[in-house]
Protein chains: 2
Amino acid sequence: MRLNHTIEKQTKSRIRHVAEEMFATHGIGGVTTRALAEKAGANTAAVNYHFGGKDNLATEVFRDVAHRSTVRRLANLDRIEAEARAKNARPDLRAVIESFVDAYVNEDDPRTGLLLARLVLKHRVEPNEWTRAVVRDELDRVAERYVVALGNAAPQLGPAEVHWRYHFMVGSILMTLSDDGPESRLQRLSGGLCKPADKRVLRSQLVDFLTGAFLIGNQAGPDDDGHPEQAGGSPVDD
Amino acid sequence: MRLNHTIEKQTKSRIRHVAEEMFATHGIGGVTTRALAEKAGANTAAVNYHFGGKDNLATEVFRDVAHRSTVRRLANLDRIEAEARAKNARPDLRAVIESFVDAYVNEDDPRTGLLLARLVLKHRVEPNEWTRAVVRDELDRVAERYVVALGNAAPQLGPAEVHWRYHFMVGSILMTLSDDGPESRLQRLSGGLCKPADKRVLRSQLVDFLTGAFLIGNQAGPDDDGHPEQAGGSPVDD
DNA sequence: ATTTGATTTAAACATGCGTTTGAATCATAC
DNA sequence: GTATGATTCAAACGCATGTTTAAATCAAAT
């Protein structure tokens with residue numbers, strides 16, 4: 001006799017759910033089929049029976065996450081650009097950046113952002129066939145749209161500069177997302193001053209940082225040395 | 001009879017050399033004992049005989065790299081701060097950032113920066129005992145010094161803000177470094193406009209980006225909405 | 001030349017992993 | 001109740017990896 005009849009979901013559904021949770025927490029490589037099955041209350045072979053292997057399960061999970069996030073971000077961009085058109089103005093740089101960050105750092109749904117970060121991080125560190133497929137099919141068009149939007153919002157930047165900075169932006173977000181919890185390097189080095197777990201603060205700090213980073217164009221002088229408008233204050237010690 | 005008598009180095013030295021090279025190229029997890037030994041022209045067991053295991057070898061390599069880089073960066077900071085004191089001015093923000101980036105992106109010695117990035121990236125994605133030890137013993141003091149220096153160079157930022165932004169800065173550098181070569185996402189998405197392999201451009205783009213990111217303080221208004229001084233230009237299409 | 005300790009070598013070992021297998025069990029239709 | 005197909009299960013398989021072993025080889029001292 002089985003106990004999970006009405007209360008518990010079907011095995012396949014449970015595995016998918018647990019997979020999302022564990023992938024977000026421990027990363028893709030940090031989850032073994034056995035641990036996953038155990039947490040889902042299923043047999044090890046169930047993963048292969050229902051999904052045809054760990055990679056297929058991961059593909060399914062991450063394709064879904066990426067797709068949801070993509071739809072949401074494209075809609076946000078549409079809204080921002082529509083508002084700008086209505087005001088006959090450029091899209092607001094801060095709003096564009098905020099909408100991008102929002103996909104990764106969102107108080108309502110922290111898991112999606114974490115999963116998205118895990119996906120892109122894995123694809124960057126050790127890409128393989130299925131990460132390539134998911135990134136190409138789901139994330140590339142978002143990137144292209146954002147590069148265009150950022151270029152419009154920050155017209156002082158050349159096309160190449162926008163690409164560079166978009167890339168830097170993603171990097172800072174990803175690495176921050178992967179440094180969660182009380183063991184985080186940020187929290188330790190700051191002596192508890194910064195808590196990455198506080199998504200609200202994290203979000204606003206990120207947006208501030210990135211907005212500043214996109215506001216100013218190339219400021220390197222023809223010479224190597226370039227200290228622009230530094231007022232001679234007293235040097236602060238240590 | 002052995003051929004490697006005067007020309008080739010000792011086995012231990014060769015293994016260490018090849019390890020540096022392969023760790024930089026393929027990452028730590030991407031190098032197997034067997035591949036390493038083969039490339040070094042040594043037996044698989046030699047790695048354990050001379051270093052006592054793969055982890056010890058990695059520890060030795062990365063501790064050395066981190067140490068070299070740390071010494072160099074601290075010296076650079078000393079110089080920058082001494083110059084500032086001599087002029088009775090604040091340390092130049094751009095110079096501080098440039099010296100930080102220099103440890104990762106340096107045309108003369110690309111390998112050290114890559115290795116450093118691999119180390120920190122591994123420690124972020126899947127920390128373990130030896131990464132913790134190396135990071136704590138070698139990199140923490142650099143981080144603390146740089147946070148102080150950046151705080152002095154960017155006095156409009158509060159202490160917590162400086163920590164946040166230092167963290168973001170490291171993230172953008174790391175992720176960029178790990179996205180090398182012609183298969184890089186940046187190069188693909190930019191249609192070849194940006195080439196991460198060109199360290200000279202990469203470096204200046206990073207420094208521009210980061211200097212801007214540290215120049216401006218918290219610009220969020222009391223309300224959620226904040227579009228500061230946007231002049232109403234014509235909305236650019238697509 | 002012999003001895004001795006360090007080094008090198010091929011082979012095996014141990015482990016963790018994703019996956020497969022074949023029998024057992026369940027749900028459903030007849 | 002029985003047949004049938006889907007599902008679950010314990011067990012084993014295959015493979016890659018880091019490591020160990022014990023014999024073989026080398027280099028230097030005597």
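Thresholds, definitions, all that
- Residues numbered from 1 in each chain as written.
- Chains lettered and ligands numbered in written order.
- Predicted model: local features only at pLDDT ≥ 70, side-chain atom pairs only at ≥ 80, totals over all residues.
- Heavy atoms only, no water.
- Helix = DSSP H or I, 4+ residues; strand = E, 2+ residues; numbered from the N terminus.
- Polar contact = N/O pair within 3.5 Å; in protein donor to acceptor, adjacent residues only side chain to side chain.
- Axes fitted to C-alpha atoms, helices over the stretch in contact; angles between N-to-C directions.
- Parallel < 35°, antiparallel > 145°, perpendicular 65-115°, else oblique.
- Contact = heavy atoms within 4.5 Å.
- Nonpolar A, V, L, I, M, F, W, Y, C, P; charged D, E, K, R; others polar.
- Buried < 20%, exposed > 50% of the residue type's maximum accessible area, 1.4 Å probe, protein only.
- 1 Å grid on protein atoms, 1.4 Å probe; cavity = no way out; pocket = protein on both sides within 12 Å on 5 of 7 lines; lining within 4 Å.
- Points joined across faces, edges and corners; volume = space filled by probe spheres on them.
- Near = heavy atom within 4 Å.
- Least-squares fit on C-alpha atoms with pLDDT ≥ 70 in both.
- Salt bridge = Lys/Arg side-chain N within 4 Å of Asp/Glu carboxyl O.

Before going further, it helps to spend a moment on the side chain of Glu161 of chain A. Structurally, the position occupied by Glu161 of chain A is in helix H8 (residues 159-177). Here Gly158 of chain A takes part through its backbone nitrogen, which lies 3.1 Å from a polar atom of the side chain of Glu161 of chain A.

The next thing to look at is the packing of helix H1 (residues 11-26) of chain A against helix H3 (residues 44-51) of chain A. Residues and elements named next belong to chain A. Look at H1 against H3: their axes get within 10 Å of each other, and the N-to-C directions meet at 100°. Taken together, the axes of H1 and H3 lie roughly perpendicular to each other. Contact residues: H1 offers Thr11, Lys12, Ile15 and Arg16, while H3 offers Ala46, Val47, His50 and Phe51. Of the residues assigned to the contact of H1 with H3, the class counts are four nonpolar, two polar and two charged.

It is worth spelling out unusual backbone geometry at this point. All names here are of chain A. Non-glycine residue Asn88 carries a positive phi angle of around 55°. The topology assignment puts Asn88 in the loop between helix H4 (54-86) and helix H5 (93-104). What makes Asn88 partly exposed here is its relative accessible area of 47%.

This part is about empty space enclosed by the protein. Taken as a whole and assessed by the stated rule, the structure comprises five cavities of 30 Å³ or more. Its volume calculated, the largest cavity comes out at about 100 Å³. Tyr104, Val120, Tyr166 and Val170 of chain A together with Arg185 of chain B are, among the 14 residues lining the largest cavity, the residues nearest its centre. Broken down by secondary-structure element, the contributors of at least two residues to the lining of the largest cavity are H5, helix H6 (110-125), helix H7 (129-153) and H8 of chain A together with helix H9 (185-189) of chain B. Of all the elements, H7 of chain A adds the most residues to the lining of the largest cavity, at four residues. Among the residues making up the lining of the largest cavity, the classes are represented as ten nonpolar, one polar and three charged. Its boundaries defined by the atoms lining it, the second largest cavity holds a volume of some 90 Å³.

Time to look at the protein's contact with DNA strand C. Taken together, 17 residues sit near DNA strand C, with Thr33, Arg34 and Lys54 of chain A together with Thr11 and His50 of chain B positioned nearest. By atom count, sugar and phosphate contribute 50% of the portion of DNA strand C lying within 4 Å of the protein. Between DNA strand C and the protein, one listed contact pairs a phosphate oxygen with a side-chain N or O atom of Thr11 of chain B at 2.5 Å. Contacts to DNA strand C include Asn43 of chain B, whose side-chain N or O atom sits 3.2 Å from a base nitrogen. Looking at the surface near DNA strand C, the elements with two or more residues in it are helix H2 (33-39) and H3 of chain A together with helix H3 (44-51) of chain B. For the surface near DNA strand C, the residue count by class is five nonpolar, eight polar and four charged.

Moving on: the protein's contact with DNA strand D. In the neighbourhood of DNA strand D, 17 residues make up the surrounding shell, with Thr11 and His50 of chain A together with Thr33, Arg34 and Lys54 of chain B lying closest. For DNA strand D, the backbone portion of the atoms within 4 Å of the protein, that is sugar and phosphate, comes to 49%. At a separation of 2.9 Å, a base nitrogen of DNA strand D approaches a polar side-chain atom of Arg34 of chain B. Of all elements in the fold, only H3 of chain A together with helix H2 (33-39) and H3 of chain B reach the threshold of two or more residues within the surface near DNA strand D.

Our next topic: the relation of the copies chain A and chain B. For the pair chain A and chain B, the best superposition has an RMSD of 0.1 Å and corresponds to a rotation of 180° with a translation of 0.0 Å parallel to the axis. In short, the pair behaves as if placed about a two-fold rotation axis. A shared binding surface is used by both copies, with 100% of the interface residues of chain A retained as interface residues in chain B.

All names here are of chain A. Enumeration over the complete set of coordinates arrives at 46 salt bridges over all chains. With a closest N to O distance of 3.8 Å, Glu129 and Arg132 form a salt bridge. Here the residue Glu129 and the residue Arg132 both occupy positions in helix H7, the gap between them amounting to three residues, near one helical turn. Residues joined in a network through salt bridges with shared partners are Arg16, Glu20, Glu60, Asp64 and Arg68.

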